[in-house]
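Spelled out from the first residue to the last, the chains are:
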Amino acid sequence: MTMTSATIPPGLLPEGLSDRLPPQAEASARLARRVLDTVATHGYERVMPPIAEFEETLVGRLKSMKAQDLVRAIDPVSQRSLALRPDMTAQVGRIAATRLAAAPRPLRLSYAGPVIRLRANQLRPERERFQVGAELIGSDSVAAAVEIVNVAIEALQAAGVTGITIDFTLPDLIDTLAAGPLPLAPQEIEAVRTELDAKDAGALTAISPAAAAYLPLIEATGPFHAAMERLEALSADLGGAIDSRIAGLRAIARPIGWDITLTLDPTERHGFEYQNWFGFSIFAEGFTGEIGRGGSYAIIRADGSEEPAMGFSLYPDPLIDAGFGGESPRRLFLPLHHDTARAAELRAEGWQTIAALTGQENGEILRCSHWLDGAEPRAY
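Described below are features of the structure shown in this document.

Brief notes about the overall build of the protein
Here is step 1 of the chain: Looking only at helices and strands, the protein has 13 helices and 16 strands in total.
Here is step 2 of the chain: Taken over the C-alpha atoms alone, the protein extends approximately 85 × 55 × 50 Å along its principal axes.
Here is step 3 of the chain: Relative to its full complement of 380 residues, the protein shows a buried share of 45%.
Here is step 4 of the chain: Sequence separation of 24 or more characterises 64% of the internal contacts of the protein that already satisfy a separation of 6 or more.
Here is step 5 of the chain: When the accessible surface of the protein is totalled, it reaches about 18,700 Å², and 55% of it is carbon and sulfur.
Here is step 6 of the chain: Across the protein, 35 positive and 49 negative side-chain charges occur, with their mean positions spaced 4 Å apart.

Written as structure tokens, this is what we have:
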């Protein structure tokens, strides 16, 4: 049955959207602030793009980004198609290529805000997600990758996250190999990608003898150092064709702390639609699915030229649901006719005060742990 405005229950929200209530809403803001404060210490400055943009502007700024998963509407002023952002990286790219085109490079920007997608998936049933991250614009070098990966780890650790795993990938590796040392017919490339995604050696071999040459990439998956040895063996068989990629991965991994688990899946492409030579996913112990990802990409300037960039995005909603960012505030009940100057002093010391309005309120029911007795807080 189709619901009309008269039959929709009061307070019902669209599928995949939800409210954040106390204390989770405050925890969300606190966790975002910890991440933003951490990246700010590395020189990343905050930008705040709008929730919606013209569709062609939103999807045309990042190379290889597709007009998919967009919630669209018609702007009543311009009569042009608007899109609600499914990701904030493209907006940061637009800002860098237009409003901050003349700013010195490398340009370091950070951001936080909600994004909305047309459809959810089984791992993430929510369509609205909170995104916080940082972008380094003007370089996609190994040095830039080292900075981005380590800033992402530091930001998560500042938010209290432990048991972090970083999974490296090379998003354009198949295209690079297919165009050079391991040639594929155009119609075979997507089939090879699909079977590598599934890690199905039999199906990969069945495509063609040329496709069977990609079998070593299935073996080059798993714990980082063992997988890298297999990838190095493949490169040696190909005359060192991907030695530069391997050297880059080694350099990125080298400064990462011993307490971080490193893995490699060189052909992983889910979520890396616009990344090019390097990408990484972030996982945390106790959580299903990734909590962030990042990598290198290209921003399209107005004249069609490209600018390299590197960045990461975190999706902290699962962390917030698990209690990260949560704190138990000190709540102080203020009776009628309390000492307002003393109450102000206590707020400056970190207390949250709840002032009586009628004299009938109960501080304990209002979740206060203390009440102001003259000049001093007293525990209930």
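Looking at the sheet that holds strand S3 (residues 71-74)
Here is step 1 of the chain: Strand order across the open sheet formed by three strands is S2-S4-S3, with antiparallel pairing between neighbours. Each edge of the sheet is formed by a strand with only one pairing partner; in this case those strands are strand S2 (52-54) and S3. Between one strand and the next, the sheet's axes are offset by a mean angle of 35°, whatever the strand orientation.
Here is step 2 of the chain: Relative to strand S4 (residues 81-84), S2 is paired through three bridges, and the arrangement is antiparallel. Counted as the bridge partner of Ala 52 is Leu 84 from S4.

Digging into the sheet that holds strand S13 (residues 331-334)
Here is step 1 of the chain: The four strands lie next to each other as S14-S13-S15-S16, forming an open sheet whose pairing is mixed. Only two strands of the sheet have a single neighbouring strand rather than two, namely strand S14 (352-355) and strand S16 (376-379). Neighbour-to-neighbour, the strand axes of the sheet open up by a mean angle of 35°, direction not taken into account.
Here is step 2 of the chain: In terms of strand pairing, strand S15 (residues 370-373) meets S16 through four bridges, oriented antiparallel. Within S16, the residue paired with Trp 371 across the bridge is Arg 378.
Here is step 3 of the chain: Its contacts with the sheet put helix H13 (residues 340-348) on S13, S14, S15 and S16, and the angle it makes with S13 is roughly 175°.

Side note on the packing of aromatic side chains
Here is step 1 of the chain: Counted under the stated rule, the structure contains five aromatic pairs.
Here is step 2 of the chain: Aromatic pair Phe 168 and Phe 278: ring centres 5.7 Å apart, planes at 40°, arrangement tilted. In this pair, Phe 168 is assigned in strand S7 (residues 164-169) and Phe 278 in strand S10 (residues 275-284), connecting sequence segments 110 residues apart. Phe 278 carries the same exposure label as Phe 168, and that label is buried.

Here's the deal with the packing of helix H4 (residues 142-158) against helix H11 (residues 243-253)
Here is step 1 of the chain: Where H4 meets H11, the closest approach of the two axes is 9 Å, and the angle between their N-to-C directions is 35°. Here H4 runs over H11; the crossing is right-handed. Across from Val 142, Ala 145, Val 146 and Val 149 in H4, the residues of H11 making contact are Gly 248, Ala 251 and Ile 252.
Here is step 2 of the chain: Of the residues that constitute the contact of H4 with H11, the class distribution is six nonpolar, one polar and no charged.

Notes on the pairing of strand S12 (residues 306-314)
Within a regular strand, the side chains alternate between the two sheet faces.
Here is step 1 of the chain: Buried residues dominate S12, accounting for seven of its nine residues.
Here is step 2 of the chain: As paired elements, strand S6 (residues 128-137) and S12 share six bridges and run antiparallel to each other. Bridge assignment links Gly 133 to a residue of S12, and that residue is Ser 313.
Here is step 3 of the chain: Pairing analysis gives nine bridges linking strand S11 (residues 292-300) to S12, with the strands arranged antiparallel. Note that in S12 the partner of Ser 296 across the bridge is Met 310.
Here is step 4 of the chain: Hairpin connection of S11 to S12: five residues between the antiparallel strands, including Gly 304 at a positive phi of 90°.

Digging into unusual backbone geometry
Here is step 1 of the chain: Between Pro 22 and the following residue, Pro 23, the backbone shows a cis peptide bond with an omega angle of 0°.
Here is step 2 of the chain: For Pro 23, the position within the fold is in the segment before helix H1 (24-40).
Here is step 3 of the chain: Of note, the amide linkage connecting Arg 105 to Pro 106 takes the cis form, showing an omega dihedral of 0°.
Here is step 4 of the chain: Its location among the elements puts Pro 106 in the loop between helix H3 (89-97) and strand S5 (107-116).
Here is step 5 of the chain: Despite not being glycine, Gln 79 shows a phi value in the positive range, around 65°.

Comments concerning the nonpolar core
Here is step 1 of the chain: The biggest cluster of nonpolar side chains holds 68 residues, and the ones touching the most others in it are Phe 168, Tyr 214, Leu 231 and Phe 278.
Here is step 2 of the chain: In terms of residue count, H4 provides more of this core than any other element does, nine residues in total.
Here is step 3 of the chain: In this structure Leu 231 touches Leu 170, Leu 217, Ala 220, Ile 242, Ile 246, Leu 249, Leu 264 and Pro 266, once residues within four positions along its chain are discounted.
Here is step 4 of the chain: Ranked by size, the runner-up nonpolar core spans 21 residues in total, among them Leu 70, Leu 109, Val 115 and Tyr 274.

Cut-offs applied
Residues numbered from 1 in each chain as written. Predicted model: local features only at pLDDT ≥ 70, side-chain atom pairs only at ≥ 80, totals over all residues. Heavy atoms only, no water. Helix = DSSP H or I, 4+ residues; strand = E, 2+ residues; numbered from the N terminus. Buried < 20%, exposed > 50% of the residue type's maximum accessible area, 1.4 Å probe, protein only. Contact = heavy atoms within 4.5 Å. Areas by Shrake-Rupley, 256 points an atom, 1.4 Å probe, with all protein chains shown as cover. Lys, Arg positive; Asp, Glu negative; His and termini not counted. Charge placed at Lys NZ, Arg CZ, Asp CG, Glu CD. Pairing = 2+ DSSP bridges. Axes fitted to C-alpha atoms, helices over the stretch in contact; angles between N-to-C directions. Phe/Tyr/Trp six-rings, centres within 6.5 Å; stacked < 30°, edge-to-face > 60°. Left-handed = near helix turned anticlockwise from the far one by under 90°. Nonpolar A, V, L, I, M, F, W, Y, C, P; charged D, E, K, R; others polar. Core = buried A, V, L, I, M, F, W, Y, C linked by side-chain atoms within 4.5 Å.

By themselves, these figures tell us nothing about what the structure is for.
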